[in-house]
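Okay, here's what each chain looks like letter by letter:
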Amino acid sequence: MSRRTISLASLALLLVPASLAAQEDWRSVSTSRSYQGEEELRVDVRFGAGRLDIKPGPAGSLYKATLHYDPRGFRPVTEYHEGRLRVGLETERGTRVRTNKAGEVALALGPEVPITLDLEIGAAEADVELGGLRIRRVEVSTGASQTSLRFSRPNPEPLSVLQIEVGAAAFRAEGLGNANAERLSVDGGLGEVILDFSGEWQRDMTADIDMGLGALKLRVPEGIGVHVVKDGLLATFDSQGLIKRGDGYYSPDWDRASRRLTIRVDAALGSIDLQWVKPVTASLP
Amino acid sequence: MCRSMRPSWSDPLARRTAPLLLAVLLASGAIASDARAQAPAREAVILSSQVSLSRDEAFLFLELAGGETLAIALRDGRVHVNDEEVGRYRRGDPLDVAWRDLLEDALDASDDQLPALLVEWSAPSGSEPGLRLDRTLEEALGRAVAAARRMAASSPAGETEAALRARIAELERTVQELRRRGGEGRSWGIRYEIDDDVLRDLARDAGRRAAPGFLRRVGSGISNLLSLLLTYGVLVALGFAIVFFGRRYLEGVADTARHATLRSGIVGLAALFLVIPIFLVGTLVLAISIVGIPALLVWLPVFPAATVAALVFGYLGVAHASGEALAERRFAGGDWFKRANSYYYVMTGVGLLLALYAASFVVEMAGPWLELVRGLLMFLAVMLTIAATAIGLGAVLISRAGTRPVAPSPLEEPTSTTPPIEEEGDV
């Protein structure tokens, strides 16, 4: 065994107990509430750094939030008052937060109550599963994060606004066909944005996409009529079988398609790729 | 008499059977609630819960059907039930371990699972506070089950809807009544208040405008001079810090600015024009590649910070060079001041670069008839700042932040062997 290996092993032996001791100082907090016939649940999540999971909860529950964090650097926020829920981890003033010490937040939302969701995610890894929930409005704002937003099952509630703001981040939205949204708005800054429109389409959709710098990938199920209007001189567009007609590009079956997707893209610099995928009904894997 | 009829908690049979009975009740409640799945709300046993686990605390809070709340905490060696101390524990003793295990499970349990989980929990034998917790939990949950059943029996879905409709109708009547009685009067009252505020603001504004013009100008001039003084202080402080920690590099930039002024100016101007395109192109190159995205997180804050640092460093280098040049000119006329050092150069140099601003503010105080002179001075001050910034940035780039200063050409070498001023060697 080389001297370097021995040194590294010794260092690891010194560091492991220290990290375990630090973990022991962490705090776990869980707060939950039963569904009592609330007409709406407005959920505000503010999360700076760490890991965020949002998923559907069991029937009969309104919400359950579980937070795991280092109390020396973070302060938990779990407030519920008259149909409004605030969840998150706030940084304590005067502390230096390291990424490897960032906390975790898991939020399960009840499937019975109509939900308005407002997410602000900083430098975090976020996995947001909204399939099967009754979502009325979603606003997602991400900073330097890696975020995945999924509608694995159809949304029984019409979704009035689905607004996504992406900073310098990787963002992936899957099952947007299940979202039951009439309008999708994406404001992308830097990085890669993937929008997958698979799912059970219940209405036509218009997507307004404003991209700064980076790559935009659009995945559209076959059988959906697509109309793309592209603005922005320096962005390349791979039209994948769309036909240029008048102000934009149309899929060949646009006129006879039962469901239509209109995409208006304004991109400064970067690439726009459209891919056709096999249609997947209802639940996504 | 009655007391003797109640099952004793120390009786093992009672301890085993009571939770089982309660668990059966909870299970039957769950089945009943599933049968009412179409109802707008189900009668839950636990309305809300909070669990908190840390090194010093293991805390459970329950809001139960019927309005009862229960708070149990093991904190700092004491066992609390609804803020009342009921016993003691030690970290790691059987009660502490059992209670923490229960709360660990409760963290992961759903609302439906939580009541049964809490009822099934058994305190370690021999722990009096543990038995007390066990009993408190089961009694409270038993009462909550009964309350939930009563509520379920007394409020079928149809009645709930009818009650809601009646409540909505009542609220609508109240709103209409309020509008009829006082709504008009209140809205007029608010309008009068707003009008008063607007009038007060107008009067204040008119008062300000009516103040003598001379005083206003002097006030404005003094305010500007104070701001300038603050700027001077900050720049000099930064300059002193740089002299203290990196005098060699600042002198390198200053020498480059003095001996290659034109070259520094051209390079600096080019850099000023190119800095934004370089930033954008760099960002784009990093953004379009997945591998580059992590580097982007460094690039985005570091590039602007480095640019600002180079601009400030360069400006102070030019100030140092100006101060040095000024000192040499003075000493050419006479040696009334024998000592000179980098601190002095920075102090006088920054003053020299900001002098035109000060002159402009002083002229502003004199009156509107010198507006042309003030404008001219301000224009020259801004141009001088831009020139100093460009030359400074160029000098920073050419000298690699002062590590490779441009030496004076042989023609610039002083002919006399005696230096015109005596610099302090240790600063």
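Computed from a prediction, not measured in an experiment: that's the story for all the values here.

S.K.: Sorry, what's going on with the overall build of chain A here?
M.R.: Secondary structure assignment for chain A yields 1 helix and 17 strands. Evaluated residue by residue, chain A yields a buried proportion of 46% over its 285 residues.

S.K.: Just checking my understanding: could you explain the packing of helix α8 (residues 261–287) of chain B against helix α11 (residues 371–398) of chain B for this structure?
M.R.: When two helices pack together, their arrangement is captured by the angle between the axes and the distance separating the axes. All names here are of chain B. Here α8 crosses α11 at 95°, and the two axes come no closer than 6 Å. Taken together, the axes of α8 and α11 are roughly perpendicular relative to one another. Each of Thr261, Arg263, Ser264, Gly265, Ile266, Val267, Gly268, Leu269, Ala271 and Leu272 in α8 lies in contact with α11, whose residues at this interface are Ala387, Ala390, Ile391, Gly392, Leu393, Gly394, Ala395, Leu397 and Ile398. For the contact of α8 with α11, the residue count by class is 12 nonpolar, 6 polar and 1 charged.

S.K.: Any chance you could explain α8 of chain B here in plain terms?
M.R.: All names here are of chain B. Compared with the 39 Å implied by 1.5 Å per residue over 27 residues, the 38 Å span of α8 between its first and last C-alpha is a close match. The largest bend in α8 amounts to roughly 40° and is located at Leu274, with the proline Pro277 lying one to four residues further along. For α8, the set of buried residues is Ser264, Gly268, Thr283, Leu284, Leu286 and Ala287.

S.K.: When you look at the interface of chain B and chain A in this model, what are you seeing that I'm missing?
M.R.: When the parts of a complex come together, some accessible area is lost, and that lost area is often taken as the interface size. In this complex, chain B contributes 29 residues to the contact, which on the side of chain A involves 31 residues. Elements that contribute at least two residues to the side of chain B that touches chain A include exactly β1 (46–53), α3 (94–108), α8 and α9 (292–333) of chain B. A per-element tally of the side of chain B that touches chain A places β1 of chain B first, with 8 residues. A breakdown of the residues in the side of chain B that touches chain A according to their chemical character gives 17 nonpolar, 8 polar and 4 charged. Sheet analysis places strand β1 (residues 27–34) of chain A next to β1 of chain B, joined by 6 bridges and oriented antiparallel. Across the sheet, the residue bridging to Ser30 of chain A is Val51 of chain B, located in β1 of chain B.

S.K.: What's the story with α11 of chain B in this structure? I'm lost.
M.R.: Because each turn of an α-helix spans 3.6 residues, side chains separated by three or four positions in sequence point in the same direction. The end-to-end C-alpha separation of α11 of chain B is 40 Å, in line with the 40 Å expected for 28 residues at 1.5 Å each. Positive phi shows up at Arg400 of chain B, right after α11 of chain B, with a value of about 55°.

S.K.: Would you mind showing me how to read unusual backbone geometry here?
M.R.: Among all residues except glycine, the phi angle is most often negative; among peptide bonds, the trans geometry is most common. Positioned with a positive phi, Glu82 of chain A is a non-glycine residue whose angle comes to about 45°. Structurally, Glu82 of chain A is set in the loop between β4 (74–81) and β5 (84–91). Positive phi values are uncommon outside glycine, yet Asn82 of chain B reaches one of about 50°. Its place among the elements puts Asn82 of chain B in the loop between β4 (78–81) and β5 (84–88). Looking at Asn82 of chain B, the number of C-beta atoms within 10 Å reads 14, which means it is partly exposed.

S.K.: How should the packing of helix α10 (residues 342–366) of chain B against α11 of chain B be read in this particular structure?
M.R.: Residues and elements named next belong to chain B. Where α10 contacts α11, the axes come no closer than 8 Å and their chain directions differ by 165°. The pairing of α10 with α11 is recorded here as roughly antiparallel in orientation. Relative to α11, the crossing made by α10 is left-handed. Contact with α10, carried on its side by Leu353, Leu356, Tyr357, Ala359, Ser360, Val363 and Glu364, involves Val373, Arg374, Leu377, Met378, Leu380, Ala381, Leu384, Thr385 and Ala388 of α11 and no other residues of that element. Classifying every residue of the contact of α10 with α11 by side-chain character gives 12 nonpolar, 2 polar and 2 charged.

The rules behind these values
- Residues numbered from 1 in each chain as written.
- Chains lettered and ligands numbered in written order.
- Predicted model: local features only at pLDDT ≥ 70, side-chain atom pairs only at ≥ 80, totals over all residues.
- Helix = DSSP H or I, 4+ residues; strand = E, 2+ residues; numbered from the N terminus.
- Buried ≥ 20, exposed ≤ 12 C-beta atoms within 10 Å, placed from the backbone.
- Axes fitted to C-alpha atoms, helices over the stretch in contact; angles between N-to-C directions.
- Parallel < 35°, antiparallel > 145°, perpendicular 65-115°, else oblique.
- Contact = placed C-beta atoms within 7 Å.
- Nonpolar A, V, L, I, M, F, W, Y, C, P; charged D, E, K, R; others polar.
- Expected span 1.5 Å × (residues − 1).
- Bend = angle between axes of the 7 residues up to and from the residue.
- Pairing = 2+ DSSP bridges.
- Left-handed = near helix turned anticlockwise from the far one by under 90°.

As far as function goes, none of this settles anything; it's purely spatial.
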